[in-house]
Amino acid sequence: MNPTERLEFTDEWVRDVEPPASGRRTYYDTISTSLVLIVTHRGAKSFYRAGRPSRVFIGHPNQGWKVAHARTQCNIIVGKFASGANPVKDKREARVKERNDKTLGDAWEWFLERYAKRHKKSWQNDIYTWNSGLCEWEDRKLSSITREDYKKRLHQLLDKRGPDHARHQMTLFNSICKQVADIGWIEENPGKGVTLPQSKKRKRYLLRTEVPQFFQALATMSQDLQDLVKWAIFTGARRDNVASCRLQEIRHDVWMIPPEKAKEGDEINIPLMPVLMEILKRRAKTLGKNATWLFPYPCKAQYWKYFDREWHQLLDKAEIKDFRFHDLRHTLASWQAGQGVSLRIIGETLGHKDAKSTERYTEVELSAVRSAVQTATDAIIAAATEKKTKKC
């Protein structure tokens, strides 16, 4: 049921009119008789031009549309219909033309600026993913990308780069399409319903037999890399948190990672072991009182974000294969588990919020975390001093 009522619209009345208990209510203006205001039970208010051949949307009062402006626009629409034009058809055709002219590059720019940067902490990863392959479709018109194109691209990536790369690429494509579909650029994501390869949980960490050779090789690298790697191992923090560590985030012997930098959105408190306090004191003295980053880039205007070349040189010297920087985070947790530390304390150490990450999660005292980290740290350092056993 859609009750109607006629009255003279005013801005004050439009602002104060109450929503119906259910459904919607239509009000007709007595000044511009084709102008209506529709109010839903949820409180949404919309101006329309009513009448044949079709109703035409004008605007929402809460988006700045005043009654006088709505009347003027309504009269313009009435005049167009009277002259034989069809504003609804013209608007639809213009939307179709605009949609057909949009490219994936246009969609990417809209997604990045209007969605990713506003709602995603990992938007910089999206830039990397786009530049590492998806940008090859930059000039493709959205209307020309079919489901078969999507499947073909997915299989090409699986063959050339593997399941992880393929999943990252096509997941970003799906995200872009979902957002631009919501604003009418496409009808539907061509990849909707296509199953992407699932990632396998890595269980890689430094084995006891690898620790000596790893630290021996590390000792030959630059002091900056030595400090960075040790900070990563003995805190168990994520790569970007480690690299972007600010001196002001450290209070006495606790590193407090703020919520906006934490993946789970909660502050993470990491106790710093003596080996890390030595690194902190030495670097703070060298960097000076006005320093911002614990690991600054040589120009000191930003933190040391890209160190992949040095990292791979370290792995080559240590003769260690299939080992990523993120696996240093797994190393601390695995060595804690090996020393009999409970999973809930390991979860607190790593800043896990989801119980699936460590099977069980509850609040624990920082002193318990400190003891657990110290135990694992001592074990790793002890293993680092062991002599590498030669293979027969």
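Residues numbered from 1 in each chain as written. Predicted model: local features only at pLDDT ≥ 70, side-chain atom pairs only at ≥ 80, totals over all residues. Heavy atoms only, no water.

*Asks:* Any chance you could break down the pattern of salt bridges for me, citing the residues and the numbers?
*Replies:* What the rule picks out here adds up to 17 salt bridges. Between K192 and E188 there is a salt bridge, with the nearest N and O atoms lying 3.5 Å from each other. Residue K192 is classed as exposed on the basis of its relative accessible area, which comes to 53%. Notably, a salt bridge pairs R283 with D227, separated by 2.9 Å at the nearest N-O pair. Taken as a pair, R283 in helix α11 (residues 274-287) and D227 in helix α9 (residues 223-235) lie far apart in primary sequence, 56 residues in all. Relative accessible area serves as the criterion here: at 7%, R283 is assigned to the buried category. For D227, a relative accessible area of 1% translates into the label buried. (Salt bridge = Lys/Arg side-chain N within 4 Å of Asp/Glu carboxyl O. Buried < 20%, exposed > 50% of the residue type's maximum accessible area, 1.4 Å probe, protein only. Helix = DSSP H or I, 4+ residues; strand = E, 2+ residues; numbered from the N terminus.)

*Asks:* I'd like a rundown of the nonpolar core, residues and numbers included.
*Replies:* Residues F214, V229, W231, W255 and L328 are the most contacted members of the largest nonpolar core, which totals 54 residues. A per-element tally of this core places α9 first, with 7 residues. Other than its neighbours up to four places away in sequence, V229 contacts F214, L218, W311, L314, F325 and L328. Counting residues in each nonpolar core, the second largest holds 26 residues, with A107, W108, W110 and L172 among its members. (Core = buried A, V, L, I, M, F, W, Y, C linked by side-chain atoms within 4.5 Å. Contact = heavy atoms within 4.5 Å.)

*Asks:* Residues and numbers for the sheet that holds strand β8 (residues 268-271), please.
*Replies:* With antiparallel pairing, 3 strands are arranged side by side in an open sheet as β6-β7-β8. The strands lining the two open edges of the sheet, one partner per strand, are β6 (250-251) and β8. Sheet topology note: the β6/strand β7 (residues 254-257) ladder contains 2 bridges and is antiparallel. Among the inter-strand pairings, R251 is bridged to a residue of β7, identified as V254. (Pairing = 2+ DSSP bridges.)

*Asks:* Any chance you could break down the packing of aromatic side chains for me, citing the residues and the numbers?
*Replies:* Scanning the model with the defined rule gives 21 aromatic pairs in all. Aromatic ring contacts, followed pair by pair, group F214, F215, F234, W304, F307, W311, F323 and F325 into a single cluster. Positioned above the aromatic ring of Y28, the side-chain terminus of R6 is 4.5 Å from the ring centre. Directly above the aromatic system of W137 lies the positively charged group of R140, at a separation of 5.2 Å from the ring centroid. (Phe/Tyr/Trp six-rings, centres within 6.5 Å; stacked < 30°, edge-to-face > 60°. Lys NZ or Arg CZ within 6 Å of the ring centre and 35° of its normal.)

*Asks:* Describe the packing of helix α8 (residues 211-218) against helix α12 (residues 308-318), listing the residues and the values that go with them.
*Replies:* For the pair α8 and α12, interaxial distance at closest approach is 8 Å and the crossing angle is 125°. Classified by the interaxial angle, the pair formed by α8 and α12 is oblique. For the pair α8 and α12, the crossing hand works out as right-handed. Residues Q213, F214, A217 and L218 of α8 form the contact with α12, whose own contacting residues are W311, L314, L315, K317 and A318. Split into classes, the residues belonging to the contact of α8 with α12 amount to 7 nonpolar, 1 polar and 1 charged. (Axes fitted to C-alpha atoms, helices over the stretch in contact; angles between N-to-C directions. Parallel < 35°, antiparallel > 145°, perpendicular 65-115°, else oblique. Left-handed = near helix turned anticlockwise from the far one by under 90°. Nonpolar A, V, L, I, M, F, W, Y, C, P; charged D, E, K, R; others polar.)

*Asks:* Let's hear about the packing of helix α6 (residues 147-161) against helix α7 (residues 163-182): which residues, and what values?
*Replies:* Contact geometry of α6 with α7 gives a least axis separation of 7 Å together with a crossing angle of 150°. Comparing the axis directions of α6 and α7 gives the class roughly antiparallel. Note on packing geometry: the crossing formed by α6 with α7 is right-handed. Contacts from Y150, R153, L154, L157, L158 and R161 of α6 reach α7 at P163, H165, A166, Q169, M170, F173 and N174.

*Asks:* Hey, could you go over helix α2 (residues 67-82) for me, with residue numbers and the actual values?
*Replies:* Between the first and last C-alpha of α2 there are 22 Å, a value that for 16 residues agrees with the 22 Å anticipated at 1.5 Å per step. Once α2 finishes, G84 follows within two positions and takes phi at roughly 100°, a positive value. (Expected span 1.5 Å × (residues − 1).)

*Asks:* Tell me about the pairing of strand β2 (residues 24-29), and name the residues and values.
*Replies:* Every regular strand shows the same layout, with side chains that alternate between the two sheet faces. Pairing geometry for β2 and strand β3 (residues 35-40), over 5 bridges, is antiparallel. The residue bridging Y27 from the neighbouring strand is L37, located in β3. Where β2 folds back onto β3 in an antiparallel hairpin, the turn is made up of 5 residues.

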